[in-house]
Amino acid sequence: MAVETRKTVKSVCSRHYSNKMTNFSTFLRTATLYLILRTSFVHCDITDGNQEHLKREHSLMKPYHGVGSSSSSQWDFWGSTLVTSSYVRLTPDDRSKQGSIWNTVPVHLKDWEMHVQYKIHGSGKKNLHGDGIAIWYTKERLHPGPVFGNQDHFVGLALFLDTFRNDLHGMDRTFPYISATVSNGSVGYDHGKDGRSAELGGCAAEIRNKDHETYLAIRYSKGRLTVMVDVEDKNEWKECIDIGGVSLPTGYYFGASAATGDLSDNHDIISMKMYQLMVEHTAEEESQDWTKIEPSVNLLKSPKDNIDDPTGNFRGTALTGWKVFLLLLCSLLGIVVCAVVGAVVFQKRQERNKRFY
C-alpha cells in the first residue's frame, strides 16, 4: 500500500512537473514571437517607404522633373552639378570642384524620414580620393563654402559622408566615415580634425566604389535623431547613429553638396525621398511654434568628449524602447530559468530522499 501511495505521489509530481515545463515552453514561444514582432516593427518603422506618406515636394527622383532655376522648380542646383536622366552628379572625378542641389520648398513636418540613394566612385586608389558628400537640413540654402561645398557656421543639421582622412593623429577610426552635427551657427567645421569637435556620433562604412548603389536613412522624430545605412545591397538597414535630446525646427531646407580638392571622386545623388511620420504629439507640443526652435542637442557630455570615443557614439543617451524591452525580457527569462532549474533540482532531491523510506 505504501509503495502504491509513493507511485501515486510520484505520478502526480511528474504530471505537475510536465505541466510546468509545458507552460514554460509556451511562455518562451510567446515571448520569442513577441520579440521578433517588436524588432520587425522597429525595422519596418524606418524602412517601410510608405508611398502614401511620400512628400513629393521634398523628394528628388528620376527623371528629375522640377529641377532647375525656374520659379516653378522644386530643386535648384549650383556649381559643378550635372543633372542627367540617371543621376545628379555633384562633382565629377576632377580636382577642385564643388556642387550642390537644394530643395526650394521649406519643410514644415515635425517628424520625418529622408532616404538618400547615392554613389561615390572614382579612379583614385586607396587613400587617394576625396572629399565626400554632405546631406543638409539647414536654415539657409545655396550658400557655397568650404564645408563639402557648403557654407561654414551653418544653422541646422548636417550628415557628412567623409571619404578622406585629414587628421593623421585620429587613427582610432576607419574611413570612409559617416558623422552627424547639429549647429546653431556658433561653431565652425574643423577640417584638420575631420569635424570631430562638433560631432554627435558616427560610424565607419565602406561606401566607395561599390558595384551597387548605397543608401542612407535619416530619421527625426520626437527629439530623436537616427541614422541607418545600407551599403551591402542586402536590403537591410544597420544602425549608425542614434541620439536623443535633439531639437530641430520646421521651415528648414534639405540639400546635398560635395567637394573635391587635390584628390577627387564622382559624387552622385540617385534619389532623395522624404516621408512624413505619423506621430502623435501632446497639446503643449502642438501649440509650440516649431519655426522658433533653435537647433540644439541636450547631451550628458560635451561633443568635444567624443574625440576619445573610438566608436564615435555617445554612451550617455537614453536607451531606445526596444532596447529597454530586450533588457527587461532577458532579465525576466533569467529569473524564470533560475526558478525552473531550482524547482527541478529540488524535485530530484525529494525523489532521491524517498527511495530511502
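Residues numbered from 1 in each chain as written. Predicted model: local features only at pLDDT ≥ 70, side-chain atom pairs only at ≥ 80, totals over all residues. Heavy atoms only, no water.

Examining the sheet that holds strand β6 (residues 132–138)
Within a sheet, each strand pairs with its neighbour through backbone hydrogen bonds, oriented either parallel or antiparallel. Basically, it comes down to this: By this definition, two strands are paired if DSSP reports at least two bridges between them. Secondary structure follows DSSP: runs of H or I at least 4 residues long count as helices, runs of E at least 2 residues long count as strands, and numbering of each begins at the N terminus. The axes used here are C-alpha line fits, helices contributing only the stretch in contact, and every angle between their N-to-C directions lies in the interval 0 to 180 degrees.
The sheet built from 7 strands is open, its strands ordered β1-β4-β14-β6-β7-β8-β9 with antiparallel pairing. What marks the edges here is a single partner per strand, and that holds for β1 (75–79) and β9 (201–204). The average undirected angle you get between the axes of adjacent strands in this sheet is 15°. In terms of strand pairing, strand β7 (residues 155–162) meets strand β8 (residues 177–184) through 8 bridges, oriented antiparallel. Pairing of Leu161 across the sheet is with Ile178, part of β8.

Description of the sheet that holds strand β3 (residues 88–91)
Taking strand neighbours across the sheet as the criterion, the 7 strands line up as β2-β3-β15-β5-β10-β11-β12 in an open arrangement whose pairing is antiparallel. Of all the strands in the sheet, the pair left with one neighbour each is β2 (82–83) and β12 (238–243).

Concerning the nonpolar core
Stated formally: Side-chain atoms within 4.5 Å link the members of a nonpolar core, which is a set of buried Ala, Val, Leu, Ile, Met, Phe, Trp, Tyr and Cys residues. Three exposure classes are used, based on accessible area relative to the maximum for each residue type with a 1.4 Å probe and protein chains only: buried under 20%, partly exposed in between, and exposed over 50%. Contacts between residues were defined by any pair of non-hydrogen atoms, one from each residue, lying within 4.5 Å.
Counting 48 residues, the largest nonpolar core has Trp112, Tyr118, Ile135, Ile178, Leu216 and Ile269 as its most contacted members. Top element by residues in this core is strand β5 (residues 112–121). It accounts for 5 residues. Setting aside its immediate chain neighbours within four residues, Ile269 contacts Leu60, Tyr64, Tyr87, Val88, Leu90, Val116, Gln117, Tyr118, Ile133, Ile135 and Ala256.

Observations concerning the state of the cysteines
Put simply, the rule is: Criterion for a disulfide: a pair of cysteine sulfur atoms within 2.5 Å.
In this structure the tally under the stated criterion is 1 disulfide. Disulfide partner of Cys203: Cys240, at an S-S distance of 2.1 Å. Taking the sign of the S-S torsion, -105° for the link of Cys203 and Cys240, the bridge is left-handed. Residue Cys203 is located in strand β9, and its partner Cys240 is located in strand β12; the two are separated by 37 residues in the primary sequence. The same class applies to Cys203 and to Cys240, which are both buried.

Things to note about the confidence of the model for the protein
Rules: A score from 0 to 100, pLDDT tells how confident the predictor is in each residue.
Scored by pLDDT, the protein comes out at a mean of 81, with 75% of its residues at no less than 70. Here residues 1–18 is a poorly scored stretch, pLDDT under 50, and it has 5 contacts once near neighbours within four places are set aside; other chains count. Counting contacts from residues 33–47, a segment whose pLDDT is below 50, to residues more than four positions away or on other chains yields 21 contacts.

Describing the environment of Arg208
Spelled out, the test is: Here a polar contact is taken to be a pair of N or O atoms separated by no more than 3.5 Å, where protein atoms must pair a possible hydrogen donor with a possible acceptor and residues adjacent in sequence count only if both atoms sit in side chains.
The topology assignment puts Arg208 in the loop between β9 and β10 (214–221). If sequence neighbours within four positions are ignored, Arg208 has contacts with Ile120, Gly122, Ser123, Gly124, His129 and Asp265. Side chain to side chain, Arg208 and Asp265 meet in a polar contact 2.6 Å long.

Let's talk about the side chain of Arg219
Relative to the helices and strands, Arg219 is located in strand β10. Residue Arg219 is classed as buried on the basis of its relative accessible area, which comes to 13%. A polar contact is formed between the side chain of Arg219 and the side chain of Glu113, at a distance of 3.0 Å.

Here's the deal with the pairing of β5
In terms of burial, β5 is a largely internal element, 10 of the 10 residues being buried. By the alternation rule, side chains of β5 split into Trp112, Met114, Val116, Tyr118 and Ile120 and Glu113, His115, Gln117, Lys119 and His121, which are all buried. Across 7 bridges, β5 lies against β10 in antiparallel orientation. Within β10, the residue paired with His115 across the bridge is Ala217.

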